Structures are given as structure tokens and as C-alpha cells.
Amino acid sequence: MFQALTGIISQNTYSLNRLTAPELHKVSQVAGERIKPGDLVELIADLEPEFAIAHAMYPLERDRESAIVIMGGRDKTKFDMSYLMTVDPYSDKILSERQSTGGWVEWGLFLHLGFFFGTIGKIVTVILGSSLVVFGGLGMLLWWRTRKSGSAATGVVRIHRFAGIAAAVFILIVAITGVSLKLVTWSESSSGKKLITSNMMAAMQEDHSDHDMSGPTYDANAAFEMALQRLTAEQPGNWQMTFFSPAGPHAADHMFSFFDDSYMRSDVLVDPTDGTLRMFSSGLAEGGTGVRALLLPIHTGNIIGALGHTIFSILGFAICVWMLSGFTLWWQRRR
């Protein structure tokens, strides 16, 4: 239940934020193109000159009614990411600024990923996911062995059997890929393969005057156009930018993350001084291709597009029904 409910929240963060906190996350009107990365940097510099952008998260086209979420802070002497700011990308208006702990949607996401409890949280998440694989497999075996007698079942038993087998494949796919993601990301974090981390560490080791945002040779807009042109030339597709980190105190290079219709991720770093481009996959400095690149698209269902995203969200509720009916059966038999 815990993994299913927090997984549904994680899958639909933008839409849930729009629904429950429209004054913070919903744009006033979808009109024209969204603000470009460089223009966003200039907007924040004009309206909130003391605020340093660490990174900005752009919603996918299917969530075009959602605001851009910016993480950063006002202490430019360190990597300050203590505040979240939301910006209407069509009216160039700041909607809110608050502590980066966020609301209940962000808490659901962090709980699903096990962020709050350090190593213990990661271990618990792996155990929960592995248990789901075992119980899902045992449930399928029991369903098959009792399929003849179970065809005459009624009430809660019938609901439990139908919901369980209907979501069986989904349960195993999500659980296996989820555990795999947790294990590989755990390893990647400890080995320093995270691209955003290495880009931030590079900024710590250099003179920030080299990346003075008042006049870099390649500003964020120019870097974005270069990155998108290079990406579409080498990997044709409908690429959408979802993450942007401007060169400055938080990042040595401009960083852009793109997703295609199958939720495959590509990242591009652009040096603001000479325009050098470097391309990566899955947000990793190395090893982000192959099976590793497929884990997140499969885990979220986005590998088959928006339809898969919707189906997986619905099946998440099916897991909840399956669990509740199973608990009801256990309680009845216990009595």
C-alpha cells in the first residue's frame, strides 16, 4: 500500500499540485510558447536579484498547465537550495516562493524514493519492493492452482482474485524495475556518476568569475538551441526539456535534460565560454545506456507514451484494491 500510493503520487506530481494548490502551481492561461531558459534566468535576476537558480524543472507538454519549479536560494557563498519558486512560463510571473521541503506531493515523492531516512530508507525501500515481487509471484501461483474452484468465488474473494491477476504483470514489472533502479542509483550516487553532482562539484573547484552570468559567450538560450539541435540531429525524436541548470555558482556548465515520447532521457552539457557540447544518457557521467536507460521508462509505463503513464497510474489503484481485499480476507479468516 505504501509503495503503491506514494508511487501514484510520484507519477502525477504536476497534476496533483495543480489540483490541490492551483494558486502555486497552475498557470493563469496557456498562450504561446513557454519562457526559454535564458529568459527565465534574466527574469529571476530582474525580479529577485538576490536569488541564485540551482536548477529549474519544466513540465512535459502533457502538463503544460503547470508552472515551472525552480530550486535555489539567496546565499551565493554556498550551494543554497533551500527554497522552491514557481513561475508562470507564459506570463513571466513568479507565483510563489517557499521552503524547499514542499507540500504533501513532494513528501509523497521523497517517501517513495526513501530520501528521508538515508541508508535505512533505501534498505527498507528495497525490502518492500522485493517483498512485492515475492508476494506477487506467490499470488499468481495460487491463482493458477485454484483457478477451477476460484471461478465460483463471490464477494471479497472474487474481487481479490480478479484485481490480483489483472495487475499481476504490472506488479512484477514495477517491483522488479523499482528495486533495480534503487540499487543502481544507490551505487551511482556513491561512485560519483551523477551528472548533476559532478557538474556542481566542478563549479566548486573553479573561479566563478569565469561563468559571470552578466555576459557569458554562450548564454542559456544559445546553449539550449545548440543542445536541442545537436540532440535531434544525432537522435531524431520529439525531445522535451524537463530540467535546466544554468552555469554559475551551482554548475560549471549549462545542463539540459531532455525526454522523448518514450521517456528515454538524454542530457547535454554546454560550456558557457567556448560552446563545447557533451552528451550523456540517464543523467549519468558514464554507464547510462542500454538496460539502465530503459529502467525508468518501464517502471513508470512511459515507455509506451502518455497512455502507459495513465494505465500504470490506474493499475496503481488496482494494487490498493488487491491489498485491501487481501487484508480483509486475512482478517476474516483470523476471526
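As a convention, each chain's residues are numbered from 1 in the sequence order in which they are written. Thresholds applied to this predicted model are a pLDDT of at least 70 for local features of residues and 80 or more for the giving and counting of side-chain atom pairs; totals over whole chains, interfaces and linings are not thresholded and use all residues. The side-chain figures draw on all heavy atoms in the structure; neither hydrogens nor water molecules are used.

Caption draft 1: Structural context of the pairing of strand β3 (residues 83-88). Burial of β3 is extensive: five of the six residues sit out of reach of the surface. When DSSP finds two or more bridges between two strands, those strands count as paired. The helix and strand labels rest on DSSP assignments: H or I over at least four residues marks a helix, E over at least two residues marks a strand, and numbering proceeds from the N terminus. Two strands pair when backbone bridges link them, and strand β2 (residues 68-73) and β3 are joined in this way by five bridges, in the antiparallel orientation. For G72, the partnering residue across the bridge sits in β3 and is Y83. Exposure is judged per residue with a 1.4 Å probe applied to protein chains only, and the accessible area is read against the type maximum: over 50% gives exposed, under 20% gives buried, and values in between give partly exposed.

Caption draft 2: How the structure looks around the nonpolar core. Take the buried Ala, Val, Leu, Ile, Met, Phe, Trp, Tyr and Cys residues and link them wherever side-chain atoms come within 4.5 Å; each set so joined is a nonpolar core. L40, I44, I70, F256 and F258 are the most contacted members of the largest nonpolar core, which totals 26 residues. Elements that contribute at least two residues to this core include exactly α4 (37-47), β1 (52-57), β2, β3, α11 (220-234), β5 (240-245), β6 (254-259) and β7 (265-270). When near neighbours in sequence (up to four residues on either side) are disregarded, F258 contacts F224, A227, L228, L231, W239, Q240, M241, M264, R265, S266 and V268. One finds A167, F170, I171 and W322 within the second-largest nonpolar core, a separate group that totals 12 residues. Contacts: residue pairs with any heavy atoms within 4.5 Å of one another.

Caption draft 3: Highlighting the sheet that holds β7. Taken together, eight strands build an open sheet; the order of strands is β4-β3-β2-β1-β5-β6-β7-β8 and the sheet is antiparallel. Each of the sheet's edge strands pairs with one partner strand only, and the pair in question is β4 (93-99) and β8 (277-281). Adjacent strand axes in the sheet meet at a mean angle of 25°, parallel and antiparallel pairs treated alike. Where β1 meets β5, two bridges bridge the pair, whose relative direction is antiparallel. Opposite M57, over in β5, you have F243 as the bridge partner. Throughout, an axis means a line fitted to C-alpha atoms (over the contacting stretch in the case of helices), and angles, computed between N-to-C directions, take values from 0 to 180 degrees.

Caption draft 4: Inspection of the side chain of H299 at higher detail. For H299, the location among the structural elements is in helix α12 (residues 291-300). A distance of 3.0 Å separates the side chain of H299 from the side chain of T177, its partner in a polar contact. Ignoring anything within four residues of it in the chain, the contact list for H299 reads H112, V174, T177, G178, L181 and F312. Each polar contact in these results corresponds to two N or O atoms within 3.5 Å; when the atoms are within protein, one needs to be able to donate a hydrogen and the other to accept it, and residues that are neighboring in sequence are counted only if both atoms are side-chain atoms.

Caption draft 5: Region of the structure containing unusual backbone geometry. The phi dihedral of D92 falls on the positive side, at around 55°, and the residue is not glycine. Relative to the assigned elements, D92 resides in the loop between β3 and β4. By relative accessible area, D92 is classed as partly exposed at 38%. Phi at S282 is positive, roughly 60°, even though this residue is not glycine. Of note, S282 is situated in the loop between β8 and α12.

Caption draft 6: Expanded view of a negative patch on the surface. Here, patches come from residues exposed beyond 30% relative accessible area and free of salt bridges, joined within 9 Å for like charges and within 5 Å for nonpolar side chains (Val, Leu, Ile, Met, Phe, Trp, Tyr). To be clear on the numbers: accessible area is Shrake-Rupley with a 1.4 Å probe, and residue cover counts the displayed protein chains and nothing else. Here, a salt bridge means any Lys or Arg side-chain nitrogen found within 4 Å of an Asp or Glu carboxyl oxygen. Counted charges follow a simple rule, with Lys and Arg positive, Asp and Glu negative, and His plus the chain ends left uncounted. Charge coordinates come from a single atom per side chain, which is NZ of Lys, CZ of Arg, CG of Asp or CD of Glu. Residues D39, E42, D46, D92 and D219 make up a contiguous surface patch of negative charge. By secondary structure assignment, the location of E42 is in helix α4. The partly exposed category is assigned to E42, whose relative accessible area is 48%.

Caption draft 7: Just the pattern of salt bridges, in detail. For the structure on display, the rule yields nine salt bridges. For R74, the salt bridge is made with E97, and the minimal N-O distance between the two is 2.7 Å. One end of the pair, R74, is in the loop between β2 and β3; the other, E97, is in strand β4, and 23 residues separate them in sequence. According to the relative accessible area criterion, R74 is partly exposed, its value standing at 32%. Here the residues in one salt-bridge network are E48, R74 and E97, joined through shared partners.

Caption draft 8: Region of interest: the environment of A251. The topology assignment puts A251 in the loop between β5 and β6. The exposure class of A251 is buried, given its relative accessible area of 1%. Remark: the alpha-carbon pair of A251 and M57, spanning 194 residues in sequence, is separated by 15 Å.

Caption draft 9: Representation of the packing of aromatic side chains within the structure. Only Phe, Tyr and Trp rings take part, Trp by its six-membered ring, and two of them pair if their centres are within 6.5 Å. Stacked means planes under 30 degrees apart, edge-to-face means over 60, and tilted covers everything else. The final tally for this structure, using the stated rule, is 10 aromatic pairs. Both rings, one in F244 and one in F256, keep their centres 5.3 Å apart while their planes meet at 15°; by these two values the pair is stacked. Here F244, found in strand β5, pairs with F256, found in strand β6; they are 12 residues apart in sequence, far enough to count as distant. For the pair F244 and F256, a shared accessibility class is recorded, and that class is buried. Pairing F256 with F258 gives two aromatic rings, centres 6.5 Å apart and planes at 35°, and the pair type is tilted. We classify F256 as buried; its relative accessible area is 0%. F258 sits in the buried class, given a relative accessible area of 0%. Feature note: the residues F224, F244, F256 and F258 constitute an aromatic cluster, connected by ring pairs.

All we've got here are geometric facts, nothing functional implied.
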